[in-house]
Amino acid sequence: MTMLAISGLHSGYGDVPILHGFDLAIEAGMIGAVVGANGAGKTTTMRAVAGILPTWQGEIRLAGERIERLPPRKRVEAGVILVPEGRKLFPSMTVRENLELGSLHARAKAARARTLEQVFEIFPRLLEREGQRAGTLSGGEQQMCAIGRGLMGLPRLLMLDEPSLGLAPIVVETIFGVVRRIRDEGVTVLMVEQNVRHALALSDRAWVLEQGRVEFEGKGREMLDDDRVRKAYLGM
């Protein structure tokens, strides 16, 4: 089943177009990676799917159902969850309070206790820090909390915007290991990632954006051997 299908998507900021007929399709249970240079439209894609930015033209389908006209809260209820770049935690609130904010819609609220246990099982460090203010966590712990908050919303599609940004290499390996686990447990993951080598090695499918359009796509690991990717993004 195709979990997310984007067709002919045009979107941008104000009257400034960023995406120019963007197309993407990711099957359920896959990890997808969107890579490209700064300004190519990666974050814009995530925000358009989440409903933060408008769809000027085109279609966005979640499991076959069109969602491009739904408000953001309805997309969350449908299972579209965005973990934004920079984590965007509430620093004065505790880890537990931040996590619980991810489960405000009815379906997630009903499962909150069980989901919280699952999040703490995935991220034992968060259980140790559950009463600590989020602003006092390390960068890696904050990213764990941000992903955990996303999981609290019971995602069908979990979108991660730059999950490794600013993290030490050993923490990056931990985060990417969790992404694999999330995929293995049945959640479709779409991520934007500046660490192209890691992103392609992790992903089942990848798309290279240039100026708001998909320039080429393929299996993640196979794209590591693509001369165009190696020259443009891997410095080879």
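In what follows, the accompanying structure is described. All residue numbers refer to positions counted from 1 along the written sequence of the respective chain. Note on the predicted model: pLDDT of at least 70 is required for a residue's local features to be given, and 80 or more for side-chain atom pairs to be given and counted; whole-chain, interface and lining totals, by contrast, use all residues. To obtain the side-chain values, all non-hydrogen atoms of the structure were included, while hydrogens and water were left out.

### Considerations on the pattern of salt bridges
- Take a side-chain nitrogen of Lys or Arg and a carboxyl oxygen of Asp or Glu: if they are within 4 Å of each other, that pair is a salt bridge. Taken as a whole and assessed by the stated rule, the structure comprises 17 salt bridges.
- Note that R181 is salt-bridged to E121, the shortest N-O span being 2.2 Å. Taken together, the residues R181 in helix α8 (residues 169–184) and E121 in helix α5 (residues 112–122) connect sequence positions 60 residues apart.
- Classification of residues uses two cut-offs on accessible area relative to the type maximum, computed with a 1.4 Å probe and protein chains only: under 20% is buried, over 50% is exposed, and between them is partly exposed. In this structure R181 comes out as partly exposed when scored by relative accessible area, which is 29%.
- By relative accessible area, which is 48% here, E121 ends up partly exposed.
- Across the salt bridge formed by E217 and R205, the nearest N and O atoms sit 3.3 Å from each other. Residue E217 is found in strand β10 (residues 213–218), and its partner R205 is found in strand β9 (residues 205–210); the two are separated by twelve residues along the sequence.
- Classification of E217 by relative accessible area gives partly exposed; the value is 42%.
- Residue R205 is classed as partly exposed on the basis of its relative accessible area of 27%.
- Through salt bridges that share partners, E59, R61, R66 and E68 make up one connected network. Counting from the N terminus, the helices are the DSSP runs of H or I reaching at least four residues and the strands are the DSSP runs of E reaching at least two.

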